[in-house]
Amino acid sequence: MGRYRGSITKLSRREGINLAETEKVQKYLDKRPYPPGQHGQRRGRGRPSDYSVRLREKQKLSRLYGMGEKQFRNLFTEASEVPGVTGTVFLQLLERRLDNVVFRMGFASTRRQARQFVGHGHILVNGQKVDVPSYRVKIGDEIVVAEGSRSMGFIQENMEAQKRRRVAPWVELNPETFTGTFARLPAREDLALPINENFIIEYYSR
């Protein structure tokens, strides 16, 4: 399954959650809390089977982080082999993706935009350019917007907006210097994700 490149608002309506985690998409979902399409409002969400519930939960999480099936499943397999609570370990691995960390720090307004910034070489990790969105960030890593990229309109706007919001508690941010640090792994209670990861474990264990 390739990465979805269509309307994130339409996909959010289909999944019933704000996949972009932006105020704009949330307002649209509040206005139209039903699936897209000609019969979306009349059809509602029905009464899905147990399999369908678990599949949809897996789809929601993979789409939230913008990942294809093969990459997503491989990461789940890795998480299942690590000591600890599999669901929490899996979410922590997802959160350690560089594109996600860039999003969490507010350098990008969405994960999709964060992938573009990383891929275009606008982000440094510990002083070195990293252009791989799936790069795994470690505790203590310093994430910086490249000096030549700080004047970009999108990044300037994102930093101004971030000053009015609270940064995720597991990262530290200095918006004046376009610098952030991945301070610790997030605990499950830190992650306000509308996801039941146990359904995903059950889906892959079937």
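Residues numbered from 1 in each chain as written. Predicted model: local features only at pLDDT ≥ 70, side-chain atom pairs only at ≥ 80, totals over all residues. Heavy atoms only, no water.

- Looking up the protein chain in an unreviewed UniProt entry gives the name Small ribosomal subunit protein uS4, with the organism given as Deinococcus marmoris.
- Database annotation for the protein chain, UniProt heading Subunit (unreviewed entry): "Part of the 30S ribosomal subunit. Contacts protein S5. The interaction surface between S4 and S5 is involved in control of translational fidelity."
- Under Sequence similarities (unreviewed entry), UniProt gives the following word-for-word description of the protein chain: "Belongs to the universal ribosomal protein uS4 family." (UniProt positions renumbered as here; feature names shortened; annotations may be inferred.)

1. A closer look at the overall build of the protein chain
Thought 1: Counting secondary structure elements, the protein chain contains 10 helices and 5 strands.
Thought 2: Within the protein chain, buried positions represent 46% of all 206 residues.
Thought 3: Taking the intrachain contacts of the protein chain between residues at least 6 apart in sequence as the baseline, contacts between residues at least 24 apart amount to 57%.
Thought 4: Per element, the accessible surface of the protein chain, about 11200 Å² overall, is 48% carbon and sulfur. (Helix = DSSP H or I, 4+ residues; strand = E, 2+ residues; numbered from the N terminus. Buried < 20%, exposed > 50% of the residue type's maximum accessible area, 1.4 Å probe, protein only. Contact = heavy atoms within 4.5 Å. Areas by Shrake-Rupley, 256 points an atom, 1.4 Å probe, with all protein chains shown as cover.)

2. Side note on the nonpolar core
Thought 1: Formed by 42 residues in total, the largest nonpolar core has its most connected members in L61, F90, L94, L98, V102 and I143.
Thought 2: Of the domains in this structure, domain 1 (8-38 + 48-94 + 193-205) and domain 2 (95-182) are the two that each give at least three residues to this core.
Thought 3: If we ignore the near neighbours within four places in the chain, the residues touching F90 are L61, F72, L75, F76, A79 and I200. (Core = buried A, V, L, I, M, F, W, Y, C linked by side-chain atoms within 4.5 Å. Domains from an automatic or database assignment.)

3. Points about the environment of E157
Thought 1: Among the secondary structure elements, E157 is positioned in helix α9 (residues 153-162).
Thought 2: Residues E157 and S109 lie 48 residues apart in sequence; the distance between their C-alpha atoms is 9.1 Å.

4. Some remarks on the pairing of strand β5 (residues 179-182)
Thought 1: Bridge analysis of strand β3 (residues 142-145) against β5 gives 3 bridges, and the strand direction is antiparallel. Its bridge partner being in β5, E142 is matched across the sheet by T181.
Thought 2: Here 4 bridges tie strand β4 (residues 171-174) to β5, and the two strands are oriented antiparallel to one another. Looking at the pairing, L173 lines up with G180 of β5. (Pairing = 2+ DSSP bridges.)

5. Some remarks on the pattern of salt bridges
Two side chains with opposite charge may pair up if their charged atoms get near one another.
Thought 1: In the structure shown here, the tally under the stated rule is 12 salt bridges.
Thought 2: The partner of K163 in a salt bridge is E160, and the shortest N-O contact between them spans 3.1 Å.
Thought 3: Residue K163 is joined to E176 by a salt bridge in which the shortest nitrogen-to-oxygen separation is 3.4 Å. On the criterion of sequence distance, the pair formed by K163 in the loop between α9 and β4 and E176 in the loop between β4 and β5 is long-range, its members being 13 residues apart.
Thought 4: A network of salt bridges, in which partner residues are shared, links R97, D99 and R115. (Salt bridge = Lys/Arg side-chain N within 4 Å of Asp/Glu carboxyl O.)

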